[in-house]
Amino acid sequence: MSRTNDLRPPAHSHSLAGLRPRSLSGPLTSSAFFDHGFHYSTKLRAHSSCINALALSSNGGRFLASGGDDLDVHLWDFHQEDINKPYHTLIGPRVIHDSSASFTQDSIGGTDTIVHQYDVSRLEIGPLSKLPMNMVREHVRDTIRDVTCSPFRDEVFLSGSENGRIIQHDARLSFSPNIRTVDIIQLTAEVTSVQFHPTVENLFITSDSDSNVCLRDTRMAFGPRNSRSNEGIVRTFHTTIARRNFGTMSRPEPSSVAFDREGKKLAITSLHYYPTIYSLSDTYPLAICTGNSVARSPGQRTYSNSCTMKHGCFGGPDPMISDDDYYLGGSDDFCGYLWKIPPVEQLMAQREEIPAHEWRLDGSNIVGELAYTDKLFNADSSKFIPTELSTPSAVLKGHNSIVNTGLIHPQFPLILTSGIESTITLHSPFPSCPFSRQLSLTPQEVRQLPSSTTPEEARVIDSLLLGVEPAFRETADEAEMDTIRLFDRILRMEGGADPFEVLPWVQTSEDTDDSSSDTSMV
């Protein structure tokens, strides 16, 4: 199938293909605009419920795909003069993944047992069929969590599911519910993310609900049993955090893993913790991304991730102009956060290594700090404290509830964010751009989370407990407010939790047997 309109994220997050509009050429894509801020915004409106997934096509990001709870997959064309409605709409599953998984190439997965495939090769020419050209039913009685398409072979993609299965699919072979065992890896925990490496054909990365994040090689992971080795694992990244003088450790659950444009760095977004940056060549993290140094008014919250599955992405200016790299993530405080990521060498120099004997000393100046350790928690091994990137380049506002996912456009100085609300927010440094003349200054006031249950919220919760639709929903806006009220309740119950209290982990004898025994082959 032609790659002309692949709806996979670009193999290089900033790859340029096709024509660049003259008004955004040259220095307008420099990092100065990323550092200055994205003060203008507009809304893309078409969905009727939460938007959980965004993806840009690999042809310079001309097309945006958005999907969520309403079963519609909208395709937006950034070559329109005024992007006020979708260019085309597909009928798909309820989508729960983000750009790194949901709309890769022409394959979509969701809270479903089926992968839907669409032919988008003629998207620029005219309307497409709304229905999938193929429905892959190889996850029998199992919910798919992630889908990733090979940047090198159109016919090949991977899917991961809640029962721990990772399946390698090849469209050149006939799809059948009777999956070949040579195409399966069976993990012992739920798959939370699977992503192909952007520049090395055989590499892919996986994460699971037991906090295992592993770089794997397809040549070792799939195929006849006698050709497999160690589940294909070539590197396991340390995700266990320890707190000095605390009886347990914690292994926050990853919800997504993302590569940078060259595949030299990766970011893990985890529940109840911060986005964490790794070098692909180092098993310990280099940095954590927080909002702790952002000036806040009384009662204003900062970055947190406790309630929904969030997905981030790397991006930035045209790499021909600047090597600067950024990471974008959504937050429970109703904002998106954009961090500038320094070079790996600089982060490596700033990371602190704590020798084992210092970690055990009473009265040490590292009391209360968190450090990363290996899963086996070897008492004689050093602990590592990654540097904290506490001042984001931009805090993206304009939302009234949780932001789950975001994208950095590969060609324009443009950021897109979405989440609990039914709109996509388009952020720009400028009041206008080639595809929208309706950008306004983004309100800087962020909606405050109610400190206690409101009567309207109580009505929504009571209706849900009774299994009926909340009353008085006369408009779509009222229905959306009911969804927001539901997540307000969840935020008050679960928000800001300490990972050592809600995700404690204590080493057992099984953990000391073999650190690579977290998976088992079919």
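Residues numbered from 1 in each chain as written. Predicted model: local features only at pLDDT ≥ 70, side-chain atom pairs only at ≥ 80, totals over all residues. Heavy atoms only, no water.

Enquirer: Give me the lowdown on the packing of aromatic side chains, citing residues and values where you can.
Expert: Under the criterion given, the structure shown has 16 aromatic pairs. Taking 5.4 Å as the distance between ring centres and 80° as the angle between the ring planes, the aromatic pair formed by F34 and F38 counts as edge-to-face. For F34, a relative accessible area of 1% corresponds to the buried category. Overall, the relative accessible area of 5% leaves F38 in the buried class. Residues F237 and Y278 carry aromatic rings whose centres are separated by 5.6 Å and whose planes lie at 75° to one another, so their mutual orientation is edge-to-face. Of the two residues, F237 is situated in strand β16 (residues 233-237) and Y278 in strand β21 (residues 276-279); the sequence distance between them amounts to 41 residues. Connected via pairs of aromatic rings, a cluster forms that spans Y273, Y274, Y303, Y337, W339 and Y372. Its end group placed over the ring of W505, R251 keeps NZ or CZ at 5.5 Å from the ring centre. Looking at R301, its charged tip hangs above the ring of F334, at a distance of 4.6 Å from the centre. (Phe/Tyr/Trp six-rings, centres within 6.5 Å; stacked < 30°, edge-to-face > 60°. Buried < 20%, exposed > 50% of the residue type's maximum accessible area, 1.4 Å probe, protein only. Helix = DSSP H or I, 4+ residues; strand = E, 2+ residues; numbered from the N terminus. Lys NZ or Arg CZ within 6 Å of the ring centre and 35° of its normal.)

Enquirer: Tell me what's going on with the pattern of salt bridges, and back it up with residues and numbers.
Expert: Within the structure shown, the criterion is met by 15 salt bridges. The partner of K264 in a salt bridge is E262, and the shortest N-O contact between them spans 3.5 Å. Using a relative accessible area of 52% as the deciding quantity, one classes K264 as exposed. Judged by relative accessible area, E262 falls into the partly exposed class, the value being 40%. A salt bridge links D482 to R459, with the nearest nitrogen and oxygen atoms 3.4 Å apart. You can see D482 sitting in helix α6 (residues 476-494) and its partner R459 sitting in helix α5 (residues 455-466), a full 23 residues away along the chain. What you see here is one network of salt bridges that share partners, running through D260, K265 and D325. (Salt bridge = Lys/Arg side-chain N within 4 Å of Asp/Glu carboxyl O.)

Enquirer: Provide a residue-level description of the environment of L426, including the pertinent values.
Expert: Structurally, the position occupied by L426 is in strand β33 (residues 423-428). On the accessibility criterion, L426 (0% relative accessible area) is buried. The spatial distance from the C-alpha of L426 to the C-alpha of G406 is 9.8 Å, given a sequence separation of 20 residues. Residue contacts for L426: discarding those within four places in its chain leaves Y40, S41, T42, F78, L414, I415, L416, F435 and L439. (Contact = heavy atoms within 4.5 Å.)

Enquirer: Give a description of the nonpolar core that names residues and reports values.
Expert: Across soluble globular proteins, you tend to see nonpolar side chains buried next to one another. Ranked by size, the top nonpolar core spans 27 residues in total, and within it L64, F78, L338, I408, L416, I424 and F435 carry the most contacts. Elements with a minimum of two residues in this core: β2 (51-56), β24 (325-330), β30 (394-396), β31 (403-408), β32 (415-419) and β33. The dominant element in this core, judged by the number of residues it contributes, is β2, at 3 residues. The residues touching L416, leaving out its near neighbours within four places in the chain, are L44, L54, L64, F78, L328, T405, G406, L407, I424, T425 and L426. Core analysis: the second largest hydrophobic core is formed by 24 residues, A267, F314, I484 and F487 among them. (Core = buried A, V, L, I, M, F, W, Y, C linked by side-chain atoms within 4.5 Å.)

Enquirer: So what's going on with empty space enclosed by the protein? Which residues, and what values?
Expert: Empty pockets left among the atoms are what a rolling probe the size of a water molecule brings to light. In this structure the tally under the stated criterion is 6 cavities of 30 Å³ or more. For the second largest cavity, the calculated volume is near 80 Å³. Taken together, S211, T239, P252, P254, I268, S270, Y273, T276, Y278 and Y372 make up the full set of residues lining the second largest cavity. Contributing elements (two or more residues each) for the lining of the second largest cavity: β20 (265-270) and β21. In terms of residue class, the lining of the second largest cavity is built from 6 nonpolar, 4 polar and no charged. (1 Å grid on protein atoms, 1.4 Å probe; cavity = no way out; pocket = protein on both sides within 12 Å on 5 of 7 lines; lining within 4 Å. Points joined across faces, edges and corners; volume = space filled by probe spheres on them. Nonpolar A, V, L, I, M, F, W, Y, C, P; charged D, E, K, R; others polar.)

Purely geometric numbers; function is a separate question.
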